[in-house]
Amino acid sequence: MNQRRSFLAGATTLLGAGLVSRAGAASLPEAPVQSAATTAAPLMPPNGRPYNPVVTLNGWSLPWRMKDGVKEFHLVAEPVVREVAPGMQANLWGYNGQSPGPTIEVVEGDRVRIFVTNKLPEHTSVHWHGQILPNGMDGVSGVTQPSIQPGKTFVYEFVAKHAGTFMYHPHADEMAQMAMGMMGFWVTHPKDIRQHAVDRDFVFLLSAYDIDPGSYTPKVNTMLDFNLWTFNSRVFPAIDPMVVRQGDRVRIRAGNLTMTNHPLHVHGHTFEVTGTDGGWVRPAARWPEVTTDIAVGQMRAIEFVADNPGDWAFHCHKSHHTMNAMGHDVPTLIGVDHRGVAEKINKLVPGYMVMGEKGGSMGGMEMPLPENTLPMMTGTGQFGEIEMGGMFTLVKVRQGQARGDYRDPGHYKHPKGTVAYEWTGELPPAPSAPGMTPLAPAQGKPVDVRRGGGHDHH
């Protein structure tokens, strides 16, 4: 706790001489702050043109004020403490109390004015990823604008010309600032509220962090070996489920600001990719999928009809991305007999546990972990351990879920006879491939493995 307090206090001390003056602050719109990591209810527009709001997974949407027909938002770039999951917090940088920052929702044709106040210990900027706007509003430090220095406030103003799915993030010391969690979602809704309408519209960003076990702050120079893969800076089992009503048309929008691609996969349904950060995909150009790969810097919107009730997994299909706090240099010990070694080590290190000789599963066992460190695989369902982490959650489809109700309905009640079960009767014969005779273990001959000619190295 002291480490987290000193992290925030140190950043504030650096800013003391450069804070926005009281007179200047009086003309700014309010900068709401949200620190809770739960999924907020959709923000119904209190004024301006109507739209169907989105739901930010483990996040919220930023309120605005209307001034002379312009929607005014106030973003504050600042150090934040994000609960990645119960039992672990991270010192990140974000906006308005959270990382990622709040989702910004506007309507096609809106004139938008965004005040950005910098409470970081270094300069920053905001790039409006995917927006078509005047060059001087693009947010690239040194190219389209001076950097926003600590304690200063800049104003971005443009017309949201195109409906679609976008992001915002810094274009200043980008490697460090994005590795620290500076990013947010932007949705521009169509003028016609009926166009592209769905019943439930979820949004979240993919981000990755490298935080050593027992520490709180990401290592910003990591290129590939991240150990926390997140939806909106949360990992399973702390990512909220996406709760829908059976028969709903569902849209899920995801943006990728990690350093690698992510094949997102949904169980129990097929979907179509209906949008990218470049715009909406024409119906004639769509095709059915159950997995879509999102490259670095891309957005994807997928849509499906939730016609199959149940608790359906939704996750990145890279298996290392559904684990927490991974060690990349751990050897594979499957098949290794630990018994004698384990006894000796236990005399030196009481409580030592044998891991990996039968596979990666912990089998319900828990080992001591450093403070502020999550288990590598975790989560419990109605049938036992789930053994997942990272980029994993559930789409919960329920017949009785009320419209607009996003509360977790609990475990799915399976109809009788629809759950896989253990077979205790006689087994049918297991056929072999045509023309193949099973080889008895004793008949196997040793194989002499040699390197290819001309490439033998000593």
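Before any of the text, the structure's been laid out above.
What you see is a predicted model, and the numbers here were worked out from it, not measured in a lab.

What counts, and at which threshold
Residues numbered from 1 in each chain as written. Predicted model: local features only at pLDDT ≥ 70, side-chain atom pairs only at ≥ 80, totals over all residues. Heavy atoms only, no water. Helix = DSSP H or I, 4+ residues; strand = E, 2+ residues; numbered from the N terminus. Buried < 20%, exposed > 50% of the residue type's maximum accessible area, 1.4 Å probe, protein only. Contact = heavy atoms within 4.5 Å. Areas by Shrake-Rupley, 256 points an atom, 1.4 Å probe, with all protein chains shown as cover. Pairing = 2+ DSSP bridges. Axes fitted to C-alpha atoms, helices over the stretch in contact; angles between N-to-C directions. Phe/Tyr/Trp six-rings, centres within 6.5 Å; stacked < 30°, edge-to-face > 60°. Lys NZ or Arg CZ within 6 Å of the ring centre and 35° of its normal.

### A word on the overall build of the protein chain
Reasoning step 1: Along its length, the protein chain carries 4 helices and 24 strands.
Reasoning step 2: Split into buried and exposed, the 458 residues of the protein chain put 45% on the buried side.
Reasoning step 3: Across the protein chain, the fraction of contacts at a sequence separation of at least 24, relative to all contacts at a separation of at least 6, is 74%.
Reasoning step 4: With the model as given, the accessible surface of the protein chain reaches about 23600 Å², and the carbon-plus-sulfur share is 56%.

### Some details on the pairing of strand S11 (residues 200–209)
Reasoning step 1: Within S11, 10 of the 10 residues are buried, leaving the element largely enclosed by the surrounding structure.
Reasoning step 2: Alternating residues of S11 divide into Arg200, Phe202, Phe204, Leu206 and Ala208 and Asp201, Val203, Leu205, Ser207 and Tyr209, and every residue in both groups is buried.
Reasoning step 3: With 2 bridges connecting them, strand S1 (residues 55–56) and S11 associate as parallel partners. The residue bridging Val55 from the neighbouring strand is Phe202, located in S11.
Reasoning step 4: Here 7 bridges tie S11 to strand S14 (residues 249–256), and the two strands are oriented parallel to one another.

### A few points about the side chain of Gln98
Reasoning step 1: Along the polypeptide, Gln98 turns up in the loop between strand S4 (88–95) and strand S5 (104–107).
Reasoning step 2: Among the residues examined, Gln98 registers a relative accessible area of 1% and is labelled buried.
Reasoning step 3: Those residues within four positions of Gln98 in sequence are excluded, and the remaining contacts are Gln34, Ser35, Ala36, Ala37, Asn58, Gly59, Trp60, Val80 and Arg82.

### With respect to the sheet that holds strand S24 (residues 392–398)
Reasoning step 1: In space, the 5 strands of this open sheet follow the order S13-S24-S21-S15-S19, with mixed pairing throughout. Across the chains shown, the open sheet's two edge strands, defined by having one partner strand only, are strand S13 (242–245) and strand S19 (291–294). Between one strand axis and the next, the sheet turns by 20° as a mean value, whatever way the strands run.
Reasoning step 2: The pairing of strand S21 (residues 310–316) with S24 spans 6 bridges and is antiparallel. Bridge pairing links Trp312 to Val395 in S24.

### A word on the sheet that holds S5
Reasoning step 1: Taken in spatial order, the 4 strands line up as S5-S10-S9-S7 in an open sheet, and their pairing is mixed. Because the sheet does not close on itself, it has two edges, and the strands there are S5 and strand S7 (127–129). Averaged over all adjacent pairs, the angle separating strand axes in this sheet is 25°, with direction ignored.
Reasoning step 2: Pairing of S5 with strand S10 (residues 184–189), which is carried by 4 bridges, proceeds in the parallel orientation.

### What about the environment of Pro150?
Reasoning step 1: In this fold, Pro150 is placed in the loop between S7 and strand S8 (153–159).
Reasoning step 2: Its relative accessible area of 23% is what places Pro150 among the partly exposed residues.

### Observations regarding the packing of aromatic side chains
Reasoning step 1: What the rule picks out here adds up to 14 aromatic pairs.
Reasoning step 2: Considering the side-chain rings of Phe202 and Tyr406, the 5.9 Å spacing of their centres and the 85° angle between planes classify their relative orientation as edge-to-face. Residue Phe202 is located in strand S11, and its partner Tyr406 is located in the segment after S24; the two are separated by 204 residues in the primary sequence.
Reasoning step 3: Accessibility expressed as a relative area gives 2% for Phe202, which makes it buried.
Reasoning step 4: When the ring of Phe226 is compared with that of Trp229, the centres are 5.7 Å apart and the planes differ by 70°; the resulting orientation is edge-to-face. For the pair Phe226 and Trp229, a shared accessibility class is recorded, and that class is buried.
Reasoning step 5: These aromatic residues form a ring-pair network of at least three members: Tyr95, Trp128, Tyr156, Phe158, Tyr168 and Trp186.
Reasoning step 6: Here the basic side chain of Arg200 rests over the ring of Tyr406, its NZ or CZ set 4.7 Å away from the ring centre.

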